[in-house]
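Chain and residue survey
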Amino acid sequence: MDIATMPRAGFDASWLDRRLQTDRPEYLDRDDVNERVKRQVIWSLDWMGRLLRDHEHLAARALPLVADIDAPRILELGAGHGALSRAVLKLRPTAHVTVSDIDPVSVADIAAGELGRDPRATVRRIDATEIDAADGSYDLALFALSFHHLPPAQAARVLAEGTRVAGTLLICDLYRPSAVVHLVRLASMLPFVLLPFAHDGLISSLRAYSPSAFRALAAHADPAITVEFSRLGRNQIVLARRT
Ligand SMILES: C[S@@+](CC[C@H](N)C(=O)[O-])C[C@H]1O[C@@H](n2cnc3c(N)ncnc32)[C@H](O)[C@@H]1O
């Protein structure tokens, strides 16, 4: 089976689930969108994460994975605004974080803020599908609310690259509910779709990968990669490791 044509709900997706997906890009993925709109989406993600304390909750979920390392080297991919790395440093002051994104404007904004002045942080532009770092350079890699941005072939590359440069890659992304529940969720989002944050949220929901899809992506990336699933509030956590 060709991974590039895999439905977001996996090869075993139902008829309805196969229709609940889109190739339409989010504002964040587009070059033809005013930069102000993209900054508004990134700001909203940061604001929402602070309101619901998502950044702290995710950092608290991730840090036990490096509990036995004195000064863990942590790579954040697709950081957007850097709030997760700030939460990591707050909870684990001895950590070193490499805060990265593919988008040069996000990288410049993060570098101009608190993380850019923190000696425990390195801010860099990194493409998560092609990480410019040697094998085992990090103890842990994090990728929050970004995995669904990538089509299957590239998403598989992130699993391969994240587990190459750090043995463990923790992905936090939108949980894909059953097709009927998903339909109701999408309908509730429709009235707000003119707002940039809701526009990208609706598309994100349609692009979220199911556990079945994650398993197929991992098997395609490298049979040595295992994936484990858990929940964190409305999101799913996927722990990818090389055996
Ligand atoms: C929805 S934002 C998530 C931002 C932040 N991680 C959060 O949790 O709010 C998705 C981010 O993924 C980044 N991104 C998309 N493709 C990427 C890639 N190939 N490598 C690294 N980052 C990528 C985008 O630039 C964007 O900042």
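Treat the numbers as computed from the prediction; the structure is a model and nothing was measured. (Residues numbered from 1 in each chain as written. Predicted model: local features only at pLDDT ≥ 70, side-chain atom pairs only at ≥ 80, totals over all residues. Heavy atoms only, no water.)

In terms of helices and strands, the protein carries 10 helices and 7 strands. Over its C-alpha atoms the protein spans a radius of gyration of 17 Å, differing by no more than 12% from the 18 Å that the globule rule assigns to 243 residues. Across its three principal directions, the C-alpha atoms of the protein cover 50 × 40 × 30 Å. Evaluated residue by residue, the protein yields a buried proportion of 51% over its 243 residues. In the protein, 69% of the contacts between residues at least 6 apart in sequence involve partners at least 24 apart. The protein carries 29 positive and 30 negative side-chain charges, and their two centres are separated by 4 Å. (Helix = DSSP H or I, 4+ residues; strand = E, 2+ residues; numbered from the N terminus. Rg over C-alpha atoms; globule rule 2.2 N^0.38 Å. Buried < 20%, exposed > 50% of the residue type's maximum accessible area, 1.4 Å probe, protein only. Contact = heavy atoms within 4.5 Å. Lys, Arg positive; Asp, Glu negative; His and termini not counted. Charge placed at Lys NZ, Arg CZ, Asp CG, Glu CD.)

The environment of the ligand is formed by 18 residues, the closest being Gly 78, His 81, Asp 101, Ala 128 and Ala 144. At 2.7 Å, a backbone N or O of Gly 78 approaches a nitrogen atom of the ligand. At 3.0 Å, a side-chain N or O of Asp 127 approaches a nitrogen atom of the ligand. Starting from 600 Å² of accessible surface for the ligand in isolation, the protein chains cover 93%. Tallied by class, residues from the shell around the ligand come to 10 nonpolar, 5 polar and 3 charged. (Near = heavy atom within 4 Å. Polar contact = N/O pair within 3.5 Å; in protein donor to acceptor, adjacent residues only side chain to side chain. Areas by Shrake-Rupley, 256 points an atom, 1.4 Å probe, with all protein chains shown as cover. Nonpolar A, V, L, I, M, F, W, Y, C, P; charged D, E, K, R; others polar.)

Moving on to the side chain of His 148. Within the secondary structure, His 148 is located in the loop between strand S4 (140-144) and helix H7 (152-165). A polar atom in the side chain of His 148 sits 3.5 Å from the side chain of His 149. Apart from the residues within four sequence positions on either side, His 148 is in contact with Arg 8, Glu 26, Asp 173, Ser 204, Arg 207, Ala 208 and Tyr 209.

It is worth spelling out the UniProt feature "domain: Methyltransferase" (unreviewed entry) in the protein at this point. UniProt records the feature "domain: Methyltransferase" (unreviewed entry) at residues 74-165, using the numbering of this structure. Across residues 74-165, helical content stands at 39% and strand content at 22%; the span's end C-alpha atoms are separated by 10 Å. (UniProt positions renumbered as here; feature names shortened; annotations may be inferred.)

Among all positions of helix H5 (residues 104-112), only Ser 106, Val 107 and Ile 110 are buried. Seen along its axis, H5 keeps its buried residues to an arc of 100°; they face one direction. Tucked into the core, H5 has its buried residues touching helix H2 (35-51), strand S2 (96-101), helix H6 (114-117) and strand S3 (121-125). (Arc of directions from axis to C-beta.)

As for its placement among the helices and strands, Asp 118 is situated in the loop between H6 and S3. In this structure Asp 118 comes out as buried when scored by relative accessible area, which is 15%. With 29 residues separating them along the chain, Asp 118 and Leu 89 place their C-alpha atoms 9.7 Å apart.

Time to look at a nonpolar patch on the surface. On the surface, a nonpolar cluster with roughly 440 Å² of combined accessible area is contributed by Trp 43, Trp 47, Leu 51 and Leu 52. Residue position: Leu 52 is located in the loop between H2 and helix H3 (54-62). Assessed through its relative accessible area of 38%, Leu 52 is described here as partly exposed. (Patch = residues over 30% accessible without salt bridge, like charges linked within 9 Å, V, L, I, M, F, W, Y side chains within 5 Å. Salt bridge = Lys/Arg side-chain N within 4 Å of Asp/Glu carboxyl O.)

Of the residues making up helix H8 (residues 179-189), those classed as buried are Ala 179, His 182 and Leu 186. Down the axis of H8, the buried set is contained in an arc of 55°. They therefore lie on one face. Projecting away from the buried face of H8 at angles above 90 degrees are the exposed residues Val 180 and Val 184. Looking at the buried residues of H8, the elements they touch are helix H1 (15-19) and helix H9 (196-207).

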